[in-house]
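# Breakdown of the fold
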Amino acid sequence: MDPVSRRKFWDLIYQLAGEGVSVLATTHYMDEADYCNTIGMMYEGEMIALASPERLKDESPGTLVQIECAHPSDLVKSLLEMPQVANAAVHGSLVHATIVDALDIPIVQQQLRQNGLEYSIWEAIRPSLEDVFIGVVSQQQNDVQISSLSQNREVA
């Protein structure tokens, strides 16, 4: 849908919701989902989160940091090898990484320097819905890996 039609569509949704009509919308665009009262996030056919956008962001675990550097993909690779980092992904020319515990931030920064990875900006930011989704999916994938490892140990 073109941007003008998309805007008109959302204006109609807001009008209907303002009149007390319940509206169910599906979208892959997290910026659109951010305007909804309640969001149900789905992954692989399963509901993985259900709450308001604000609650999802507020209850997102860890500390999200935004990092600016010359080589984002190298930085992500290094971050993902650290146990203090829950997830990391390239966002345009920046990197978003979730640090499990804010007290671990200096450890992560020191490890990056030891790995020869420099960054120009490091700042804690509020997660977007995209960050929340990536975090929930990453946690779910980690849980599956841990469960699979446990089952393999029980069989062995």
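Scroll up to find the structure this text is about.
A brief look at the structure comes next. (Residues numbered from 1 in each chain as written. Predicted model: local features only at pLDDT ≥ 70, side-chain atom pairs only at ≥ 80, totals over all residues. Heavy atoms only, no water.)

## Re the pairing of strand 5 (residues 94-99)
Counting buried positions along strand 5 yields six of six residues, so the element is predominantly enclosed. Two elements, strand 3 (residues 63-68) and strand 5, share six bridges in a ladder whose sense is antiparallel. Following the sheet pairing, isoleucine 67 is matched in strand 5 by valine 95. Once strand 4 (residues 85-91) ends, the chain turns through two residues before running back antiparallel as strand 5, passing glycine 92 with a positive phi of about 70°. (Buried < 20%, exposed > 50% of the residue type's maximum accessible area, 1.4 Å probe, protein only. Helix = DSSP H or I, 4+ residues; strand = E, 2+ residues; numbered from the N terminus. Pairing = 2+ DSSP bridges.)

## Thoughts on the sheet that holds strand 3
Pairing between the strands of a sheet is mediated by backbone hydrogen bonds and can be parallel or antiparallel. If you trace the four strands from one edge of the open sheet to the other, you get 4-5-3-6, paired in antiparallel fashion. The sheet is open, and its two edges are formed by strand 4 and strand 6 (121-124), each paired on a single side. Between one strand axis and the next, the sheet turns through 20° on average, direction left out of account. Seen against the sheet, helix 4 (residues 72-80) touches strand 3, strand 4 and strand 5 and runs at an angle of roughly 170° to strand 4. Helix-sheet contacts for helix 5 (residues 105-114) involve strand 3, strand 4, strand 5 and strand 6, and the interaxial angle to strand 6 is about 160°. (Axes fitted to C-alpha atoms, helices over the stretch in contact; angles between N-to-C directions. Contact = heavy atoms within 4.5 Å.)

## Digging into the pattern of salt bridges
Between side chains of opposite charge, a pair can form when the charged atoms approach closely. Tallied over the full model, the rule gives seven salt bridges. Between aspartate 58 and arginine 126 there is a salt bridge; the shortest N-O distance is 2.7 Å. Separated by 68 residues along the polypeptide, aspartate 58 in helix 3 (residues 53-58) and arginine 126 in the loop between strand 6 and helix 6 (129-155) bring together distant segments of the chain. (Salt bridge = Lys/Arg side-chain N within 4 Å of Asp/Glu carboxyl O.)

## Description of the packing of aromatic side chains
Applying the stated criterion across every chain, the model contains five aromatic pairs. On the numbers, 6.1 Å between centres and 45° between planes, the contact of tryptophan 10 with tyrosine 14 is tilted. Taken together, the residues span about one helical turn, with tryptophan 10 and tyrosine 14 both in helix 1 (residues 3-18) at a distance of four residues. Taking the relative accessible area as the measure of exposure, tyrosine 14 reaches 30% and is therefore partly exposed. On the numbers, 5.3 Å between centres and 50° between planes, the contact of tyrosine 119 with tryptophan 122 is tilted. Of the aromatic side chains, those joined through ring pairs into one cluster are Phe9, Trp10, Tyr14 and Tyr35. Above the plane of the ring of tyrosine 29 lies arginine 6, whose end atom (NZ or CZ) is 4.8 Å from the centre. (Phe/Tyr/Trp six-rings, centres within 6.5 Å; stacked < 30°, edge-to-face > 60°. Lys NZ or Arg CZ within 6 Å of the ring centre and 35° of its normal.)

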